[in-house]
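# Summary of the model geometry
Single-letter residue listing:
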Amino acid sequence: MSAISNIILVGMGILLTLASLWYGQNHHLLPESAAESAPLFDSLFNSTMTIATGIFLVVQGVLLYCIVRYRKRRGDKGDGDPNHGNVLLEIVWTAVPAVIILWLGLASIDVYQAVYGGTDVGGHIHTAMVMESSHEAEAGDPGYAYTPVVLPGKEMGQPDLVVQVQGMQYAWLFTYPESGLVASELHLPLNKRVRLDMTALDVNHAFWVPQFRLKQDVIPGRETHLEFVPTQLGQYPIICAELCGPYHGVMAGQLFVDTPEDFERWQQEQVLAARGEGSTLALVSDFSPVHPSPRPGSPEAESAFAHVHHQRLGVSPSDLKSLQSHSGSLPSAG
Amino acid sequence: MTQLQDSPRLVAAPKVELELPAEPWWRFFTFSTDHKVIGIQYLVTTFFFYLVGGALATAVRAELATPEADFLGFERYNGAFTLHATIMIFLWIVPALVGGFGNYLVPLMIGARDMAFPKLNAVAFWLVPPTGILLLASLFIEAPAAGWTSYPPLSLISGKVGEELWILSILLAGTSSILAAVNFITTILKMRMPGMKMEDMPLFCWAMLAASILTLIATPVLAGALILLSFDLLAGTAFFNPSGGGDPVVYQHMFWFYSHPAVYIMILPVFGMISEILPVHARKPIFAYKAIAYSSLAICFLGLIVWAHHMFTSGTPDWMRVFFMIATMAIAVPTGIKVFSWLATLWGGKIHFRSAMLFGMGFVSMFVIGGLSGIILASVPLDIHVHDTYFVVAHLHYVLFGGSVFGIYAGIYHWFPKMTGRMLNEFWGRVHFVLTFVGFNICFLPMHKLGLMGMPRRVAQYDPQFADLNWISSVGAFVLAISTLPFLVNAIYSWVAGPKAGDNPWQALTLEWTTSSPPPHHNFYGDPILLTGPYDYGLHSKETLDYFAAQLQTLRELALAEAEPTSS
Ligand code: HEM
Ligand SMILES: [Cu+2]
Ligand SMILES: [Cu+2]
């Protein structure tokens, strides 16, 4: 190979690396991140994007080069140069992906350990019968085996707050075991470690907060868990990510990350309000389809949700309560 | 690896026993046992279903053009995407590739007169129309609406009739593919012409072998899952029903034990076809024959142990998540070997940009994007964010549309002359390619961002912040819908009145091109002869090639002459 083509090759290599590095950091493909583990996800994602961009550019570049350089010229009736293989080349392009994969695998395990390590994501399988009783017992007593997680630079212990989450067609219910408060919105205090104990009343759902980069299926007859530390004040959508029926797309909840003071105030207000109504169930009449919604407050938004809950299912506060005590049982075919 | 050889590697004496040509057109509507007729029956039938599935896709995208659920409405929307996916997978990609191309090409490529079990073959095909009829009937009776994955408990409460129709049709489709798989494995192992070693087989046959092994191992598990689901649905058992103590996650394991291998059942034959098409139109031997052949087997093996990567969020225990992540990532290695070998095949070639080659290279280009997003999905922490979002929809279409459909089109443009004896029109082929390529990327590229930003899949209504990207995507879908028109017209017109193709319009070297177009009833005139390796492009002098051609001509004339008396 001549000196000039060597220089061109090296130059292209540098350009390629720079382009990949730049795109890996500037893809703007993710929403803001708002939980402690989210930056871990983002940096793994960015590294992966960098590698992917590099491979993408190489492969498409070679294809384009072939199209231009090796197109059949007019009048040329011959065949190409008949080389059948090249062992060295084959070894190289087996080894390079293998190394990349190995790196990505190890990095993924690392991030996974940091985010989920010790969280027994789906350890509890019980039949509906068992669950009814065990659920009661667990309230206020987060007594199941739980290994502390260590995030870089921070010691973790028991969660600061446990919330029980129930998914049902087409709403989320949040129970705060300490106060007995049941709410349709999830309020969490800033920078506190939260554990969600989740189950579903009817069909599979999935709890997803894109800004937290966390998702976990919520399954009837089984308890699944999520643990995280919200690190940014604000309001975030809780999206159901598992097909749960025709109105799956409007099964949306709201997550508020409050300052600890706001959180306390909210909790007290809710408890008081609930007492006033002689019910532990707060906010039920306040269900609103904030996300994903047509225009908030538009007639479609109102009607989609109202329609789902009142006309189709006839869910009222008292229904919700009774559903709760039958958690895990399937409504008859609908 | 095939070696340079300027002398014929094997010459068998032509044995003559022929039924002579001019078979009537209506043989395509009969219980024919000729693998070529069956292959074409599969291709035409499944293409019809592709149009139906495509119409449903267009309806789905029309619904998603705006954030409100105002076109199909919530309930009908779920039926539409469930049937779209089911039809595309079970009535288009799988039967078109395995049943269509597999049947047509395998016996020809290995010099056999037919498949090992011709009647079984016909039975396998004739299970497909009832499959389609059941599914299409459900469109009018009650559409299944629990997604093509049909997870319980949702599938147990969203409409018994539609769900049961869906189960029955998938059971029929599964039976059909098990029968086909047995047939392919036997044919490839036992029916190769004398003297053809495994290493002399075209790569398509290796890929079909791997795909058939997968089918044979995985499909019965799906059947089991569906039968148990039927019991839960109709007999009130509780295998998967949590209200009776069943575990819905067990269904997911059984379902994906089939359905993950299924994506390789769909893509392996395409890999095989691409390995046939690129060398011919680049005029170069395939690079690294053995590596490509064995990587098919590696993919087959690894494909069987990765299913739980569809279940990273299903409450799957940690050790399983890590095991399945590593196994999944490992598949990137054999897949990478294939992609790089294809690129090396193009490198230094003399590339003829015919429609078959355009779709072939389009396949490589698009499949790489699907592969890269697949790496993101393989990583547990990354998958947890994007699982069940539009990122997955983007990924699966880059693999299944960019991969399988581009591959099928490449195959049709490549083998149409052999199947029909006529050439397709090149100009309209190119129009078809450009519309498909552009429409495809407009439709599916934006979905990556949609998913990452927070749009879940399988929703009729979505957050208005996603309106713009969805609108672009829908425009792409309409371009895609239009892109089938030039192909349809071209295929129908050319089949009837296209220019005659001749035996070997591309100067290809695999066995199917040594017989006439279309081939006679038992494929070859006399016993076939293996004159060259399948990919010996550039290895033979012009004199040698002329000698081969003369040989074949003589053999054919001899055979025809001897056949005259018997046929008259
Ligand atoms: C003609 C162009 C196509 C368009 C516009 C299209 C569009 C779509 C859309 C928008 C969805 C999302 C449904 C959802 O998850 O909400 C979808 C799902 C799907 N499509 Fe396609 N598609 C096309 C072709 C294909 C092809 C050729 C295949 C081949 C196998 C295919 C297989 C699937 C599958 C498996 C799903 C998943 C459905 C589910 O989530 O249950 N599609 N398609
Ligand atoms: Cu849900
Ligand atoms: Cu849902």
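Up top is the structure.
Reference entry: report on the structure contained in this document. Note that residues are indexed from 1 along each chain, following the sequence as it is written. Chains and ligands are labelled by the order in which they are written, letters from A for the one and numbers from 1 for the other. Local features in this predicted model are restricted to residues of pLDDT 70 or higher, and side-chain atom pairs are both shown and tallied only at a pLDDT of 80 or more, whereas totals for entire chains, interfaces and linings draw on every residue. Water and hydrogen atoms were dropped before computing side-chain values, which therefore reflect all heavy atoms in the structure.

The next point concerns the packing of aromatic side chains. Each Phe, Tyr or Trp ring (for Trp, its six-membered ring) is paired with any other whose centre lies within 6.5 Å, and the angle between the two planes then decides the class: stacked below 30 degrees, edge-to-face above 60, tilted in between. Under the criterion given, the structure shown has 59 aromatic pairs over all chains. Measuring from centroid to centroid gives 6.4 Å for F271 of chain B and F363 of chain B, while their planes differ by 70 degrees, and the two rings are edge-to-face. Taken together, the positions of F271 of chain B in helix 8 (residues 248–282) and F363 of chain B in helix 12 (residues 355–378) put the pair 92 residues apart, joining distant regions of the chain. Distance and angle both matter: a charge sits over a ring if NZ of Lys or CZ of Arg is within 6 Å of the ring centre and within 35 degrees of the ring normal. Sitting above the plane of the W208 of chain A ring, K215 of chain A keeps its charged end 4.3 Å from the centroid. Counting from the N terminus, the helices are DSSP H or I runs at least four residues long and the strands are E runs at least two residues long.

This next bit is on the coordination of the copper ion (ligand 3). Residues and elements named next belong to chain A. Only C240 (SG), E242 (O), C244 (SG) and H248 (ND1) from the protein coordinate the copper ion (ligand 3), and they sit 1.9 to 2.8 Å from it. Metal coordination here is assigned from N, O and S atoms located within 2.8 Å of the ion, or within 3.2 Å for Na, K and Ca; omission of water means that sites may look incomplete. When four donors show all angles between 85 and 135 degrees the site is tetrahedral, when four or six donors have opposite pairs over 155 degrees and all other angles between 65 and 115 it is square planar or octahedral respectively, and in every other case it is irregular. Classification of the site at the copper ion (ligand 3) rests on its four donor atoms, whose angles at the metal span 84 to 121 degrees, yielding the label irregular. All donor residues of the copper ion (ligand 3) come from one chain, and their arrangement in sequence is C-x1-E-x1-C-x3-H. Here the copper ion (ligand 3) and the copper ion (ligand 2) are spaced 2.4 Å apart, and both take C240 as a donor. Taken individually, C240 and C244 each receive the classification buried, so the pair is uniform in this respect. For every residue, the accessible area obtained with a 1.4 Å probe (protein chains only) is divided by the maximum for its type, and the residue is called buried under 20%, exposed over 50%, and partly exposed between those limits.

Our focus in this paragraph is the side chain of T46 of chain B. Looking at the element boundaries, T46 of chain B is found in helix 1 (residues 35–64). Here, two residues are considered to be in contact whenever any of their heavy atoms come within 4.5 Å of each other. Excluding its chain neighbours within four sequence positions, the residues that come into contact with T46 of chain B are L91, W92, P95 and A96 of chain B.

Here the focus is the coordination of the copper ion (ligand 2). Distances from the copper ion (ligand 2) to its protein donors, H205 of chain A (ND1), C240 of chain A (SG), C244 of chain A (SG) and M251 of chain A (SD), fall at 1.9 to 2.5 Å. Residue class for H205 of chain A comes out buried when judged on its relative accessible area of 0%.

All names here are of chain B. Relative to the elements of secondary structure, M419 occurs in helix 14 (residues 390–420). The buried category is assigned to M419, whose relative accessible area is 11%. Measuring from C-alpha to C-alpha, the distance between M419 and N523 comes to 12 Å, with 104 residues separating the pair along the chain. If sequence neighbours within four positions are ignored, M419 has contacts with I40, L43, F101, Y104 and P518.

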